[in-house]
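Overview (structure and organization)
Given next are the chains, with one letter for each unit.
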Amino acid sequence: MIVFVGLGLVKMFLYKNIMDLLIKRLLIYFPFLISYPPHTFSIDLEIVDNIVADGISLQIAMMRTTKKGQRMIRVININIPKFKGIFYDLIDPYSIIRSLSLKSFYYESKNKGSGLKYLYSSLIGILKSYKKNTKSFSLLNLPNNLNLLPMLTLSLCKSIPLRPVSYTPVDYKVYYMYLMSNSYSNLIDTIIYPYLVGLHESDINVGGDAEGNVENGGLNRDYNNNSGNHLEEALDNINLNNNNPNFVFIPKNLTRNCLEISGLYLLDTGFTIFFFIGRDCPDHLSNLLFDPLTPSGRIIFDPPKNDFSKKVIDLINDLRKNRFISPFYVLIRDNSTKTHYRDIFFSYLYEDHQHNLPSINEYYEKIKSSLS
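Just so we're clear, the structure is a prediction, and the values are computed from it rather than from any experiment. (Residues numbered from 1 in each chain as written. Predicted model: local features only at pLDDT ≥ 70, side-chain atom pairs only at ≥ 80, totals over all residues. Heavy atoms only, no water.)

**A few points about the pattern of salt bridges**
What the rule picks out here adds up to eight salt bridges. Here Asp-268 ties to Arg-323 by a salt bridge, and the two come within 2.8 Å at their closest N and O atoms. Of this pair, Asp-268 sits in strand 9 (residues 264-268) while Arg-323 sits in the loop between helix 8 (307-320) and strand 12 (328-333), and the two are 55 residues apart along the sequence. A residue is classified by how much of its surface remains accessible, and Arg-323, at 5% relative accessible area, is buried. Members of the salt-bridge network, linked through shared partners, are Arg-279, Asp-334 and Arg-342. (Salt bridge = Lys/Arg side-chain N within 4 Å of Asp/Glu carboxyl O. Helix = DSSP H or I, 4+ residues; strand = E, 2+ residues; numbered from the N terminus. Buried < 20%, exposed > 50% of the residue type's maximum accessible area, 1.4 Å probe, protein only.)

Right, here's the structure in full:
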C-alpha cells in the first residue's frame, strides 16, 4: 500500500480493505514549510503485519544548527488512522511525484540515467498495482487522482535536473536538484509542470486601436468550449480577486497544439515568468502590457495601468502566493529576430517530443506495452 501526504495534511489514512497483504509500503512526503529554509523528507515504512489498533502514530524529531551555533529541535507528530473507503480517492498525484523526485535525484546522482529508470519503474509499479486491484482497467480511464500521474512523471523526466541531454550543464542540473529538494511544494509543482495560460483568452474586453485605447467588444472567451483541455479538472483554476468572481484563467496543456500564432501567453516555470507574443498577436493587445519598443529578453515587468494589465498582475500575484521568491521576467516576441529565449520557452512544452524523450502520446503507448 502506498499513501502520499501533501502540504499541511496532518491526518493520513490506511486503507482497511488491503490490510491482509503481507507487506505494505507507506511512502510519506512531508514538507516542513513553517521553517526557513524549508526541509523536505521522504520516508518509506514497511508494515509487515495487520494493524489491530485504530491506526499508527509517527513522531519525527529534527535537529538543526543555526548560523549562530544555536541548536534547535522541532518535533512533528503524525497520526494515521484506519480508513474504510476507496483507497485511490486518497491519492494526491502531486505528492506522489514530489516524493518520487527526491529518490530519482538520489539515483541520478549515483549513476546517470538511473533517475529516469527509477521514475518509470515506479510509475509502472503503481499502475500494475491498480490494475491488479480493479476489475476493469484502462490507461485512458484512470481514477481522477491517478489520471495526471503519467503526464507528471514524463514532465519530471524532461525537467532540468533529469533531462538526458548534453546542452543542459551538469552544474545547472545539480543546482535545480538542490532547489527542488529544499523548496516549497507549490513551487516544486510548478517546476515539475509549468503553468501556461492564454492571456488573450480572458473575458475582459481588450479590443482597441493601434494606440491601445480600449473599445467595446474585443477578444472574449467562452469557457464552455474547453472540454478538450484535460487539465481543467486536475489543475485548480486561478480565481482572481476582481469585480467578476467567475473570472478564471484556464491552464493549457504544455504542447504546441495549444498555441495560436495570434495569441499572448504567460508561462510560469517557478523561477521565471515568460511572456510570449505570437507573430500575429494584435498590437493593441500586447501594447496593453508592454511598450512596443521593448525587445525580447529579460525585462522589468511594469505594465501600463489598465483593466487588462490589472488582471494579469492579479494572476501573477496569485501564482506567487506563498513562494517567497521574486521571479525573473522574460519577454519573447515571435518575430524575425532570433533569440535563445524563444528556444527556452518551447523547451518547457513537455508534452511534445523533445529532450530525447517521447511525447505524451508516445509515452502512453510505451506504458501500455509495459502493462500488457
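That shown, we press on.
**Things to note about unusual backbone geometry**
The backbone of His-355 shows a phi angle near 55°, a positive value even though the residue is not glycine. The topology assignment puts His-355 in the loop between helix 9 (340-347) and helix 10 (360-371). You will see that Asn-356, though not glycine, has its phi angle at about 60°, which is positive. Along the polypeptide, Asn-356 turns up in the loop between helix 9 and helix 10.

**Considerations on the packing of aromatic side chains**
By the definition in use, this model includes 18 aromatic pairs. Ring geometry for Tyr-348 and Tyr-350: centres 6.0 Å apart, planes at 50°, overall tilted. Accessibility expressed as a relative area gives 9% for Tyr-348, which makes it buried. Members of the aromatic cluster, each reached through a chain of ring pairs, are Phe-274, Phe-276, Phe-345, Phe-346, Tyr-348 and Tyr-350. The ring of Phe-328 is capped by Arg-298, whose NZ or CZ atom sits 4.0 Å from the centre of that ring. Above the face of the Tyr-120 ring, Lys-366 is positioned so that its terminal group lies 4.4 Å from the ring centre. (Phe/Tyr/Trp six-rings, centres within 6.5 Å; stacked < 30°, edge-to-face > 60°. Lys NZ or Arg CZ within 6 Å of the ring centre and 35° of its normal.)

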